[in-house]
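# Examining the three-dimensional arrangement
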Amino acid sequence: MPDPSEPQKLTRSQERFLEAPQLVQEIVRDCIKEERPLMHMKHRPEIHQKLTAIVKRHIS
Amino acid sequence: MKLICLTLRNFRQFKGEQELRFSDYEDRNVTIVHAENGFGKSALLNALLWCFYGSEGLSDDFSNKESILNQSLAVDSSTPDSDKVAEVEVSFEHDGERFRLIRSLDYLQEKADSRKTKVTLEFTKDGQTFYERLPDQRIRSILPKGIVPLIFFEGEGPSRFALEDKSGEVETAIRQTLGLSLLQQTIDDLKHQNVRGRLRGELKEKANAETAELLERLEKLEAQVERRKESKAQAERNLNATNEDLRSVDDALEKNREVQELQKERARNEDLAATAVAELEQVESELSKVIAEDGFSLFTEELVARGKAIVTRLRNENRIPAQVLNTFIEDLLNSDRCICTRCLEPGSPERAAVERLLTTAGDQNVNNAVGAIDNALGRLAQLREETSRRLEEKNKRRLQLRDDIRVYKNRAAEIHQKIGSKDNEEVRALEDKRSVLQDRRDSLIGEIARIAQQITDDETDLSALKQSIAAAEKSEEAAKLAQRRIDALEQSVSLLEDLLRLEIEDLIPMLNKQFKEHFSHVIDRDYEAHLTDDFKLRITQQLQDGAPPVLVNPSTGQRQVASLVFIASLVSLARERKDIQSIVKGLSGADYPMVMDSPFGQLGANFRRGIAQLLPFLAPQVILFASTEQYFGVSDAVADELTKSKRIGKRYYLAYHAPTLPKEATEFLKIGDGEFQQYFRSDEMCTKICEIK
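Residues numbered from 1 in each chain as written. Chains lettered and ligands numbered in written order. Predicted model: local features only at pLDDT ≥ 70, side-chain atom pairs only at ≥ 80, totals over all residues. Heavy atoms only, no water.

### Notes on the sheet that holds strand β9 (residues 527-531) of chain B
All names here are of chain B. Judged by pairing direction, the sheet is antiparallel, and its three strands sit side by side in the order β9-β10-β11 without closing on themselves. Looking along the sheet, the strands with just one partner apiece sit at the ends: β9 and β11 (550-551). As judged from the two bridges shared by strand β10 (residues 537-541) and β11, these two strands associate in the antiparallel manner. If you follow Thr540 over to β11, its bridge partner there is Leu551. Across the face of the sheet, helix α16 (residues 477-522) comes into contact with β9 and β10 while running at roughly 160° to β9. (Pairing = 2+ DSSP bridges. Helix = DSSP H or I, 4+ residues; strand = E, 2+ residues; numbered from the N terminus. Contact = heavy atoms within 4.5 Å. Axes fitted to C-alpha atoms, helices over the stretch in contact; angles between N-to-C directions.)

So, in structure tokens, the structure goes:
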């Protein structure tokens, strides 16, 4: 278990994420937030509309 | 996730309400349920599965899946139908929240359709209790169905993970356990026609004719890539099925006494050929790398010789290093005085003499530069020698491997001739079938490689098309907005793909390291297990020191050990990963328990000991259902190790009430100095859970 008092070294994917433009980070974060509760469902109603809306909301 | 308690109410042979509390202490994380075969171990495991997933969660070999309600209660005429209810309740903790999941099925519903159950999920957060609106959905996000075979399993079921053609299941297990499926799912959804297609549609409507045409070409090309990917996936499925058929034929040949030895010899040669082919691919890839990175040095011989000759000449002429530096002479002239204290007045013969020295004096910068060039030339010569040696070495190995492959394949071909010329009709038929299957396999392997190349080519074209679309002139504001949305979407997809790739690149070596270490702890030292880049669990054997390890056709025991160790390593890595702070919530692993019903199969003492030593320390929580044979069999192997580990937190046994005692079961269970009656003669059949304090 990492020591909480010590700052954790970023993983390569974390570094890559932080290198991306802020806008792209936000879109990805929001998309994953929508996907997370639904990802294991056979039927995922409206997920595509929700993702489209996220992109449109951020670029308007 | 930590299991707290399982409560059964009239579930199968568990009549009335019965409870099993799991040990939730970190340093005593093992719960053992002793039960003879036929007493209800599988029913307990299936009670958990049913509670989490309903009837679709029940294991394949669980009989009478539609009969969930206790049978004696179902036929009891004194109890009203409305009171006849089977119920399973599981309490667990996950991500700091406490959950209570209850699934029930009443008598009438069971008769109508036992798959339709009632389910409620309540959770406590910050002291308050909430009811989940979509319980099944929440459960699947906590405990994805894809990881069930990893954490709830019976007997030798997991051993299939170590089969060559189960790499798909291994990959799924890794992705789901380590939280990577979320990334893949998001990528797939963003690329979906309903998202990317729709945004492109909007751009097409607003853009000029040229962009619209490019977009149309892009859509066609993407559809083509999707078709190719589907064809490739189909070819891979066919290849797996063909491999399965080939294995059956090989098994049948190995059981035939007439050709048994020949078949074994052929299998050995084919294994050797497969290992050599894998190494050849590796060596060729290393060769390409050496040529790409250092190959230029091979063409520098003349350049180095000329450079060295120039430096040597300058040295011989005493120009390098310079005897006197020009900066020193200039300092003397500027100060109008020599180091011998004579005056250097303008026009004086002394000054003229010193000025003449300027024509032979050297420059410090030139000194340094020539020194650096000399050094670089030396390093270049060294690199050329090193590159040449490495190329020669690798080329030699490549040729050796090619020869080896040819020899192994020739031997296999000779064996094919010998087996095919046998008089035994069954053998000939099997051998003919084998040839057909091998041809099909080779053709499928070729087809998969061809489609993979086509996909790579198409993807290069796709990338160029996307760049053209982005660069095309957009006159209207609306078209520009639509283009910006497409750009943002493509960048998001690209970011997600990079994250997925980096996560896999970082996690697989970590998993492999754990897998190798733990496997070598259990298995003899000559054997080694590893996870290949294409997600195959492989076992190799070191036959001679210094020689490359040989791929092994594993026994059932070795497969079971490799699979159990793989699962435990994966669960352990998921637990470690849970502690790594994640930027994107949900992009992390989770800690899962391991619930196992008789996992030791026919394993020998050493394998059992090794596994029993490892599991409690790798998995955060271990729940083991074991018969006397599984627990105390083979010289008390499992019992000894678990006792030594001091990890057993709770212990139960199942007491079986029935008219007859199942074969191989005993009336009493002995644990240490204690003796517990586990069988009771009774006209009514039922099982009770009893705790051993």
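### Some words on the sheet that holds strand β7 (residues 128-131) of chain B
Residue and element names in this part refer to chain B. Strand order in the open sheet formed by six strands is β2-β1-β4-β5-β6-β7, with antiparallel pairing between adjacent strands. The sheet is open, and its two edges are formed by β2 (14-21) and β7, each paired on a single side. The sheet shows a mean angle of 15° between the axes of neighbouring strands, taken without regard to direction. Sheet analysis places strand β1 (residues 2-11) next to β2, joined by six bridges and oriented antiparallel. Residue pairing for β2: Phe11 is matched across the bridge by Phe14.

### Overview of the packing of helix α8 (residues 193-206) of chain B against helix α9 (residues 209-255) of chain B
Two packed helices can be described by the angle between their axes and the distance between those axes. Residue and element names in this part refer to chain B. Direction vectors running N to C along α8 and α9 enclose 160°, while the axes themselves pass 9 Å from each other. As judged from the angle between their axes, α8 and α9 are roughly antiparallel. The interaxial crossing formed by α8 with α9 has left-handed handedness. Judged by residue contacts, Arg196, Arg200, Leu203 and Lys204 of α8 engage Ala212, Leu215, Glu216, Leu218, Glu219 and Glu222 from α9. When its residues are assigned to classes, the contact of α8 with α9 shows four nonpolar, no polar and six charged. (Parallel < 35°, antiparallel > 145°, perpendicular 65-115°, else oblique. Left-handed = near helix turned anticlockwise from the far one by under 90°. Nonpolar A, V, L, I, M, F, W, Y, C, P; charged D, E, K, R; others polar.)

### Section: the interface of chain B and chain A
Each partner contributes to the interface: chain B provides 44 residues, whereas chain A provides 36 residues. Counting across the chain B and chain A interface gives four salt bridges. Its salt-bridge partner being Asp506 of chain B, residue Arg12 of chain A comes within 3.0 Å of it at the nearest N-O pair. At the junction of chain B with chain A, the criterion picks out eight residue pairs in polar contact (both at pLDDT 80 or more). Of the residues belonging to the side of chain B that touches chain A, the class tally is 16 nonpolar, 14 polar and 14 charged. (Salt bridge = Lys/Arg side-chain N within 4 Å of Asp/Glu carboxyl O. Polar contact = N/O pair within 3.5 Å; in protein donor to acceptor, adjacent residues only side chain to side chain.)

### A closer look at the pairing of β7 of chain B
All names here are of chain B. Sheet analysis places strand β6 (residues 118-125) next to β7, joined by four bridges and oriented antiparallel. When the sheet's bridge partners are listed, Phe123 is paired in β7 with Phe130. Connecting β6 to the antiparallel partner β7 that follows it, the hairpin turn spans two residues, and Asp126 within it adopts a positive phi of roughly 50°.

### Digging into the side chain of Gln678 of chain B
Residue and element names in this part refer to chain B. Structurally, Gln678 can be placed in the loop between β16 (674-677) and β17 (679-681). The class of Gln678 is buried, set by a relative accessible area of 0%. Not counting residues up to four positions away in its chain, the partners in contact with Gln678 are Glu36, Phe39, Tyr653, Leu654, Ala655, Tyr656, Thr666, Glu667, Phe668 and Leu669. (Buried < 20%, exposed > 50% of the residue type's maximum accessible area, 1.4 Å probe, protein only.)

### Observations concerning the pattern of salt bridges
In the structure shown here, the tally under the stated rule is 62 salt bridges over all chains. Note that Glu497 of chain B and Lys191 of chain B form a salt bridge whose closest N and O atoms lie 2.9 Å from each other. In this pair, Glu497 of chain B sits in helix α16 while Lys191 of chain B sits in helix α7 (residues 181-191), placing the two residues 306 residues apart along the sequence. In this structure Lys191 of chain B comes out as partly exposed when scored by relative accessible area, which is 32%. Measuring nitrogen to oxygen at the nearest pair gives 2.6 Å for the salt bridge that ties Glu431 of chain B to Arg266 of chain B. Residue Glu431 of chain B is found in helix α15 (residues 425-471), and its partner Arg266 of chain B is found in helix α10 (residues 260-294); the two are separated by 165 residues along the sequence. Under the relative-accessibility criterion, Glu431 of chain B is labelled buried at 1%. Bridged by salt links that share partners, the residues Arg12 and Arg16 of chain A together with Asp498, Arg501, Glu505 and Asp506 of chain B form one connected network.

### Thoughts on the state of the cysteines
Residues and elements named next belong to chain B. One pass over the full model with this rule turns up zero disulfides over all chains. Here Cys5 is not disulfide-linked; the sulfur of Cys51 is the nearest cysteine sulfur, at 11 Å. Judged by its relative accessible area of 4%, Cys5 is buried. Cys686 takes part in no disulfide bond, and the closest cysteine sulfur, belonging to Cys690, lies 10 Å away. Residue classification places Cys686 among the buried residues on the basis of a relative accessible area of 9%. (Disulfide = S-S within 2.5 Å.)

### What to know about unusual backbone geometry
Trans peptide bonds make up the majority, and among non-glycine residues the majority have a negative phi. Residue and element names in this part refer to chain B. Positive phi, close to 55°, is recorded for Asn10, a residue that is not glycine. By secondary structure assignment, the location of Asn10 is in strand β1. At Asp336, a position not held by glycine, the phi torsion is positive, near 60°. Inspection of the secondary structure assignment puts Asp336 in the loop between α12 (326-335) and α13 (349-357).

### Description of the pairing of β16 of chain B
Residue and element names in this part refer to chain B. The sheet contact formed by strand β15 (residues 668-671) and β16 spans four bridges and is antiparallel. Note that in β16 the partner of Lys670 across the bridge is Glu675. Connecting β15 to the next strand, β16, in antiparallel fashion are two residues, including Gly672 with a positive phi near 60°.

### Focus on α8 of chain B
With 14 residues, α8 of chain B should cover 20 Å at 1.5 Å per step; its first-to-last C-alpha distance of 18 Å lies within 8% of that length. Those residues of α8 of chain B not exposed but buried are Val195, Arg196, Gly197, Leu199, Arg200, Glu202 and Leu203 of chain B. (Expected span 1.5 Å × (residues − 1).)

### Notes on the packing of α8 of chain B against α16 of chain B
All names here are of chain B. Relative to each other, α8 and α16 sit at 155°, their axes nearing to 8 Å. Between α8 and α16, the interaxial angle falls into the category roughly antiparallel. In the crossing of α8 with α16, the sense of the turn from one axis to the other is left-handed. On α16, the residues touching Val195, Arg196, Leu199, Arg200, Glu202, Leu203 and Lys206 of α8 are Ala478, Ala479, Ala482, Gln483, Arg485, Ile486, Leu489 and Glu490. Its residues assigned to classes, the contact of α8 with α16 shows eight nonpolar, one polar and six charged.

Keep in mind that these numbers describe shape and distance, not what the molecule does.
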